[in-house]
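These are the residues of each chain, in order.
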Amino acid sequence: MIDTEKLATEPKADTFLGKTVLRIEEMLRPLGEPGYRAGQIYKWIHHFNADTFDEMTNLPQSLRDTLHARFQIKTLQRAQVEMSADGTEKYLWRLPDNRHIESVLITEARRNTVCISSQVGCSLGCEFCATGQMGFIRNLTSGEIVEQVLQIRKLTKHPITNIVFMGMGEPFLNYHRAVQASRILSDPEGLAISAKKITFSTSGVVPKIYQFTDEAQPFKLAISLHAANQPLRERIMPIARKFPLNQLMESVRYYMRAKRQNRVTFEYILLHGINDSLANMKQLISLLSPIRCKLNLIPCNQNNLGFSAPPPEHLDKIREVIMKADFPVTIRKNRGEDITAACGQLAVEVSEKVIFMK
Ligand code: SAH
Ligand code: SF4
């Protein structure tokens, strides 16, 4: 596995977006400005979602002009927006280095969730995941992570209540930037989204689960499990070779002993004929029963990787077995499939378009 933490590219032009107040203070120091300007600029960008320095009316005009000449704010170009018949919205962004990422807004009766990307591509190569098949291209900066939410907040009519790191990439292989972005997203002076409504989803980068626990991060954790035994997990998720299932489960128990969350969420994609037999379901229940958890079963989304969701009659049988579990289970409705906005469908089309344009 590549150590992607070391492979981040910093943005070419300086932006204040995604920076802490302390860092902004350092950036302003050569201008001889008083320290408190940093807090003002931070809040204009992250809390008031300013697009230009001219909107920052409590800064002197001369400073606004200097900032305008030397710094930028937003760095993501909106390349495409698609609306699904079910209310899902998919946003395609062009990064300064001409790479593309996607974010998806999922609207529901009581909450609106933005599913954000943490990397361009992913090094972990899960067999069923379109992003994984692209390979790893680069980490996103904390600014690029935060900006997905800021821009959508301005473009959509739906108030954003929840954030999940379930777009492209593995947030635990871009740990520091994903955490810093989440601090800004949850900061009352920043985007002010409750930390409890921000979920990190990991395919099982075990050392980072320990770090996340030891640092007492206030965000939620979801584990992409997808198999309840080691040989099957290894077959569909190469990361299981490096961090086997028993080590993963041990790290989750460690996390739960620290009581970071009421229940940890497990995600399990149902891949027909691979991991969705009734025996698989029974094994899944016995693996998870000792843990205070909830389980999200996700019928596989169509992509061109050769996997399919269970047919309706088999799904009914799964439902019968799984409802006997003594923890909450949901079977997820697929959303946004008509615009390929669903999990595991992101990005391949985009890179195909990019290749085509060359
Ligand atoms: N790398 C992290 C987070 C991003 S993956 C992780 O794996 O948890 C985003 C989500 O999409 C994960 O829950 C993943 O399991 C799911 N996913 C990937 N391919 C899918 C597919 N074909 N159908 C349904 N969900 C899929
Ligand atoms: Fe990476 Fe998550 Fe896709 Fe696996 S499911 S390849 S970890 S983005």
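An account of the accompanying structure is given in this report. All of these numbers come straight from a predicted model, not from anything done at the bench.

1. Considering the pairing of strand β11 (residues 293–299)
Note on strand geometry: in a regular strand, side chains alternate between the two faces of the sheet. Extensive coverage of β11 is indicated by the burial of six of its seven residues. In this fold, strand β10 (residues 264–270) hands off to helix α11 (residues 278–288), which returns the chain to β11; that crossover is right-handed. Here β11 pairs with strand β12 (residues 329–331) via three bridges, running parallel. From the neighbouring strand, Asn 296 faces β12, where its bridge partner is Thr 330. Regarding the hand of the β-α-β motif, the stretch spanning β11, helix α12 (residues 312–322) and β12 is right-handed.

2. A look at the side chain of Ser 251
Tracing the chain through its elements places Ser 251 in helix α10 (residues 245–257). What makes Ser 251 buried here is its relative accessible area of 0%. When residues no more than four places from it in sequence are discounted, the contact partners of Ser 251 are Val 206, Ile 209 and Tyr 210.

3. Considerations on the site of ligand 2
For ligand 2, the full set of nearby residues is Cys 122, Leu 124, Gly 125, Cys 126, Cys 129, Gly 132, Gly 169, Glu 170 and Ser 203. Partitioned by chemical class, the residues of the shell around ligand 2 number four nonpolar, four polar and one charged.

4. What about the site of ligand 1?
Neighbouring residues of ligand 1: 19 residues in total, closest Phe 128, Ser 201, Ser 224, His 226 and Asn 301. One nitrogen or oxygen atom from the side chain of Ser 224 is found 2.6 Å from an oxygen atom belonging to ligand 1. One of the side-chain N or O atoms of His 226 is found 2.7 Å from an oxygen atom in ligand 1. Summarising the interface, the protein chains cover 96% of the accessible area of ligand 1, which totals 530 Å² for the free molecule.

5. A few points about the sheet that holds β10
With respect to topology, ten strands assemble into an open sheet ordered β1-β2-β3-β4-β7-β8-β9-β10-β11-β12, the strand pairing being mixed. Here the strands that pair on one side only, and so sit at the sheet edges, are β1 (77–83) and β12. The mean angle between the axes of side-by-side strands here comes to 20°, regardless of whether they run parallel or antiparallel. As defined by bridge partners, strand β7 (residues 162–165) adjoins strand β8 (residues 198–202) across three bridges and the pair is classed as parallel. When the sheet's bridge partners are listed, Val 164 is paired in β8 with Thr 199. Against the sheet, helix α5 (residues 142–155) makes contact with β1, β2 (89–94), β3 (100–107), β4 (112–115) and β7, and its axis sits at roughly 125° relative to β2, the strand it touches most. Most of the contacts of α10 go to β10, to which it runs at about 150°, and overall it touches β9 (220–224) and β10.

Reading the values: the criteria
- Residues numbered from 1 in each chain as written.
- Chains lettered and ligands numbered in written order.
- Predicted model: local features only at pLDDT ≥ 70, side-chain atom pairs only at ≥ 80, totals over all residues.
- Heavy atoms only, no water.
- Buried < 20%, exposed > 50% of the residue type's maximum accessible area, 1.4 Å probe, protein only.
- Helix = DSSP H or I, 4+ residues; strand = E, 2+ residues; numbered from the N terminus.
- Right-handed = clockwise from strand over helix to strand, strands pointing away.
- Pairing = 2+ DSSP bridges.
- Contact = heavy atoms within 4.5 Å.
- Near = heavy atom within 4 Å.
- Nonpolar A, V, L, I, M, F, W, Y, C, P; charged D, E, K, R; others polar.
- Polar contact = N/O pair within 3.5 Å; in protein donor to acceptor, adjacent residues only side chain to side chain.
- Areas by Shrake-Rupley, 256 points an atom, 1.4 Å probe, with all protein chains shown as cover.
- Axes fitted to C-alpha atoms, helices over the stretch in contact; angles between N-to-C directions.

In short, the description is geometric, and any link to function would need to be established separately.
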